[in-house]
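Summary of the model geometry
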Amino acid sequence: MGIYLDNSATTYVDSRVRKEMEPFFSKDYGNPSSFHDMGLAAKNAIEDSRKKVAGILNASPKEIIFTGSGTESINLAIKGVYRANRSRGNHIITTRTEHHAVLDSCRYLEENEGAKITYLDVDRDGIINLDNLEKSITKDTILISIIYANNEIGTIQPIAEIGKIAKKHSIVFHTDACQAGCSQDLNVKNLGVDLLTLNGSKIYGPKGTGMLFIKSGTKIHPIIHGGGQEFGLRSGTENVPGIVGFAKALETCQLSKEEENKRLTELRDKLISGIQGSVPKTILNGHPTKRLPNNVNISFLDIEGEAILLHLNREGIYASTGSACSSESLEPSYVITSLGLPHEVAHGSIRFSLGRQNTENDIDHVLMVMPGIVKKLRMISPVRVNEDELRR
Amino acid sequence: MGGDVQTGENEWFYSEEVKEHFFSPKNIFTSEEEAKNYTADGEGMVGSPACGDVMRMWIKVDPKTDRIRECKWRTFGCASALASTSMLSVMVTENGGIKIVDALRLKPGDIIKRLGGLPARKIHCSVLGDKALRAAINDYFKKSGQFSRVLHAEGKIIDPEVNVSDEDIEHAVLEGARTIEDLQKRLKVGIHNKDVLPKVKELIAYYRKKHFGE
Ligand SMILES: Cc1ncc(COP(=O)(O)O)c(C=O)c1O
Ligand code: FES
């Protein structure tokens, strides 16, 4: 068995979640729209799930829309709000470090529907500047979309403060909370968000499931048209087991949040200080403390990430990299270059994302093999990056 | 580079040969001291770390036989880049060493063939190897006073960042590149240095017309 440290890519499905989903495959398999007991059983399951999720978000059940992925929720939030508010303006504010689902939805609107997009810069730790945000608001601004916690570097944005600014200027505010579902506060009233995206595949739930919170009164158009399910905002027969699984996963995560955050933070910090103590020339990417309890992102200078991954893989350790060599586009991670770090630093970045299944033994094992791998690759590298120029 | 040397577009995992050279690279320095004290007859370096890969090669040449006796290297890049350089270093030193004339005829496709293929999106990783080797041989010609043998840049350099010439682009088109994306998979041209893209596009169109009448 390997050591899976790629939980930000996706998590395993919790057995309690699987158990909750089980009846809806072949026993209570009715269509929630059908007018009979089988349909009603399915419909009740969805409505119970909706209430469960609403409770966690401190929202009302009619504000919860189930979708087919984080990507779909984000597309609905951005395109849906843009189209419904187009008569008021055409300006969207987001950041340079969003997930592709946000960046590409914005780019689509820019290229095809006349949108103007402001991409906020982030500082060396990956955090936006609130003054810059406020200054970039114009009379045409209709939407702010800012990622809650970054999927690569784990940096957490000050969502509640952004929420206050959005409210002050009466601008709709969406946050992509896909990476925040297990560890962060999801109370939409505390956060001051109008829309919030979550997905199942990062919270020990089923893949291909998602949710969008839409505050009542928010003007939004559907992007999928048809049978009118999900209050007309997401047509298509509901994925009943998926919805039930998503809700159970979110509940399970949030119930053990405090305890699990504490445990993961300790493991995270042990891994960070362990690597920095035993491997020379490394850089921690992302904020040292305002970061997800499960995220470690470190650049190993002078060497390339895909080569490191292959060595780790041979040791049974599964992680990921922001190196250009492992991306289709042959471009290094835009998240890491957005921090003001040069390409060669992004090339050597490795993300270890921890999860429920990881133990202190796993961390010890990584710490045992890491120095040897780095040493080996450095011995055959012709590059010597000047580390001092990269210090904060 | 025929169809036999590249695996499918979605193929990611490496051949046994690639893994062998990646995990146990040949002809490398085993300590910093060894690298520092190494006296080569010729040395070459190509690429830039910002672009993703850098290769540096050192050779020793037997002047009597005009064969490469030793070849050491250092590479910054992915597993394909490391394995390609390692394989190249074996190819030029095996069987008593390669004759310089033959070394100059080596092509990236020869390395890929010996590696049992590379995934399609990794073909470009093998290109820098033979450039580094040429640079090292050229350096040897200069250092040993064989000025008549010094190679002049083949063709015209289009992207100095990655040392790609118009002739390299012609070769890539002959090997099947049809678009700028195809070309970048092989040559990395214009990835960092975007200013050269218009010129590169023009050359692709020109060579497609010249060779394929397209
Ligand atoms: C921050 C963030 N947003 C959006 C997504 C997209 O979610 P999904 O894969 O469910 O479409 C992901 C996960 O890939 C993510 O990490
Ligand atoms: S060196 Fe970057 S993909 Fe091979």
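Quick caveat, the model's predicted, so the values are computed rather than measured.

Looking only at helices and strands, chain B has nine helices and seven strands in total. Looking at chain B residue by residue over its 214 residues, the buried ones come to 55%. Excluding contacts between residues fewer than 6 apart, the proportion of contacts in chain B whose partners are at least 24 apart in sequence is 62%. A total of about 9600 Å² of accessible surface is found on chain B, and carbon and sulfur atoms cover 50% of it.

Of regular secondary structure, chain A possesses 14 helices and 13 strands. Here the C-alpha radius of gyration of chain A, 22 Å, is about what a compact globule of 392 residues would show, namely 21 Å. Considering only C-alpha atoms, chain A reaches an extent of 70 × 50 × 35 Å along its principal axes. Expressed as a percentage of the 392 residues in chain A, the buried residues total 61%. For chain A, the accessible surface area stands at approximately 15600 Å², while carbon and sulfur atoms represent 51% of it. In chain A, the 46 positive side-chain charges and the 47 negative ones have mean positions that sit 3 Å from each other.

On to the sheet that holds strand 2 (residues 42–48) of chain B. All names here are of chain B. With antiparallel pairing, the three strands of this open sheet are ordered in space as 2-3-4. The strands lining the two open edges of the sheet, one partner per strand, are strand 2 and strand 4 (67–76). Across the sheet, the mean angle from the axis of one strand to that of its neighbour is 15°, orientation sign disregarded.

Residues and elements named next belong to chain A. With domains assigned, chain A is organised as domain 1 (3–9 + 257–379) and domain 2 (15–255). Computed over C-alpha atoms only, the centres of domain 1 and domain 2 are separated by 28 Å. Counting residues at the interface gives 27 residues for domain 1, matched by 32 residues for domain 2. In this assembly, domain 1 packs against domain 2 so that about 2400 Å² is buried in total across both faces, 49% of it on carbon and sulfur atoms. Contact with domain 2 buries area across many residues of domain 1, yet Lys 257, Tyr 334 and Arg 356 alone supply 30% of it, more than any other trio. Counting across the domain 1 and domain 2 interface gives zero salt bridges. Elements supplying a minimum of two residues to the side of domain 1 that touches domain 2: helix 10 (257–278), strand 10 (295–300) and helix 12 (334–338). Among the elements that line the side of domain 1 that touches domain 2, the one with the most residues is helix 12, at four residues. Counted by class, the side of domain 1 that touches domain 2 contains 10 nonpolar, 12 polar and five charged residues.

Once that is clear, we can look at the side chain of Asp 66 of chain B. Residue and element names in this part refer to chain B. Relative to the assigned elements, Asp 66 resides in the loop between strand 3 (53–62) and strand 4. The class of Asp 66 is buried, set by a relative accessible area of 17%. Ignoring any residue separated from it by four or fewer positions in sequence, one finds Asp 66 in contact with Val 61, Ile 98, Lys 99, Ile 100, Tyr 140 and Arg 149.

Residue and element names in this part refer to chain A. A complete count under the given rule lists 36 salt bridges over all chains for this structure. Between Arg 50 and Glu 47 there is a salt bridge, with the nearest N and O atoms lying 2.8 Å from each other. Of this pair, Arg 50 and Glu 47 both sit in helix 3 (residues 37–57), separated by three residues, roughly a single helical turn. Residue class for Arg 50 comes out buried when judged on its relative accessible area of 3%. The partner of Arg 107 in a salt bridge is Asp 104, and the shortest N-O contact between them spans 3.8 Å. One end of the pair is Arg 107 and the other is Asp 104, both in helix 5 (residues 100–112) and three residues apart, which spans about a single turn. The partly exposed category is assigned to Arg 107, whose relative accessible area is 36%. The exposure class of Asp 104 is partly exposed, given its relative accessible area of 41%.

All names here are of chain A. Close contact between helix 3 and helix 9 (residues 240–255) brings their axes to 9 Å; oriented N to C, the two are set at 30°. Relative to helix 9, the element helix 3 is oriented roughly parallel. Of the two possible hands of crossing, helix 3 and helix 9 adopt the one that is left-handed. Together, Ala 42, Ala 45, Ile 46, Ser 49, Lys 52, Val 53, Ile 56 and Leu 57 of helix 3 and Val 240, Ile 243, Val 244, Phe 246, Ala 247, Lys 248, Leu 250, Glu 251 and Gln 254 of helix 9 make up the contact between the two elements.

The next thing to look at is the confidence of the model for chain B. Considering every residue of chain B, the mean pLDDT works out to 85; 89% of them sit at 70 or more. Among the prediction metrics, the complex's ipTM stands at 0.89, with pTM recorded as 0.89.

Turning our attention to the sheet that holds strand 13 (residues 349–353) of chain A. In any sheet, the strands associate via hydrogen bonds between backbone groups, in a parallel or an antiparallel arrangement. Residues and elements named next belong to chain A. Spatial ordering of the open sheet is given by 9-10-13-12, a layout of four strands whose pairing is antiparallel. Edge positions in the sheet fall to strand 9 (282–284) and strand 12 (320–321), since each of these pairs with one other strand and no more. For strand 12 and strand 13, the ladder comprises two bridges, and the chain directions are antiparallel. Among the inter-strand pairings, Thr 321 is bridged to a residue of strand 13, identified as Ile 350. Seen against the sheet, helix 10 touches strand 9, strand 10 and strand 13 and runs at an angle of roughly 10° to strand 10.

To continue, consider the environment of Val 13 of chain A. All names here are of chain A. Within the secondary structure layout, Val 13 lies in the loop between strand 1 (3–4) and helix 1 (15–21). Given a relative accessible area of 25%, Val 13 falls into the partly exposed group. Not counting chain neighbours up to four residues away, the residues in contact with Val 13 comprise Arg 18, Tyr 204, Gly 205 and Pro 206.

Residue and element names in this part refer to chain A. Contacts to ligand 1 come from Ser 69, Gly 70, Thr 71, Ile 74, His 99, Ile 147, Asn 151, Asp 176, Cys 178, Gln 179, Asn 199 and Lys 202. Between ligand 1 and the protein, one listed contact pairs an oxygen atom with a side-chain N or O atom of His 99 at 3.4 Å. At 2.6 Å, a side-chain N or O of Asp 176 approaches a nitrogen atom of ligand 1. Examining the composition of the shell around ligand 1, we find that three residues originate from one element, helix 4 (residues 70–84), more than from any other.

Turning next to the interface of chain A and chain B. In this complex, chain A contributes 25 residues to the contact, which on the side of chain B involves 32 residues. Buried area between chain A and chain B, both sides added, is near 2500 Å², and the carbon and sulfur share of it is 65%. Between chain A and chain B we count three salt bridges in total. At the level of secondary structure, the elements contributing two or more residues to the side of chain A that touches chain B comprise helix 11 (305–314), helix 13 (343–347) and helix 14 (360–379) of chain A. The element that contributes the greatest number of residues to the side of chain A that touches chain B is helix 11 of chain A, accounting for five residues. Among the residues making up the side of chain A that touches chain B, the classes are represented as 10 nonpolar, six polar and nine charged.

Another aspect to go through is the domain arrangement of chain B. Residues and elements named next belong to chain B. Taken domain by domain, chain B holds domain 1 (5–149) and domain 2 (157–212). Inter-centroid distance (C-alpha atoms) of domain 1 to domain 2 is 22 Å. Of the residues lining the interface, 16 residues belong to domain 1; the matching set on domain 2 comes to 11 residues. Linking domain 1 with domain 2 are zero salt bridges, by the criterion used here. Connecting domain 1 to domain 2 are zero residue pairs in polar contact (both at pLDDT 80 or more).

Conventions adopted
Residues numbered from 1 in each chain as written. Chains lettered and ligands numbered in written order. Predicted model: local features only at pLDDT ≥ 70, side-chain atom pairs only at ≥ 80, totals over all residues. Heavy atoms only, no water. Helix = DSSP H or I, 4+ residues; strand = E, 2+ residues; numbered from the N terminus. Buried < 20%, exposed > 50% of the residue type's maximum accessible area, 1.4 Å probe, protein only. Contact = heavy atoms within 4.5 Å. Areas by Shrake-Rupley, 256 points an atom, 1.4 Å probe, with all protein chains shown as cover. Rg over C-alpha atoms; globule rule 2.2 N^0.38 Å. Lys, Arg positive; Asp, Glu negative; His and termini not counted. Charge placed at Lys NZ, Arg CZ, Asp CG, Glu CD. Pairing = 2+ DSSP bridges. Axes fitted to C-alpha atoms, helices over the stretch in contact; angles between N-to-C directions. Domains from an automatic or database assignment. Buried area = accessible area lost by both parts, 1.4 Å probe. Salt bridge = Lys/Arg side-chain N within 4 Å of Asp/Glu carboxyl O. Nonpolar A, V, L, I, M, F, W, Y, C, P; charged D, E, K, R; others polar. Parallel < 35°, antiparallel > 145°, perpendicular 65-115°, else oblique. Left-handed = near helix turned anticlockwise from the far one by under 90°. pLDDT = per-residue confidence, 0-100. Near = heavy atom within 4 Å. Polar contact = N/O pair within 3.5 Å; in protein donor to acceptor, adjacent residues only side chain to side chain.

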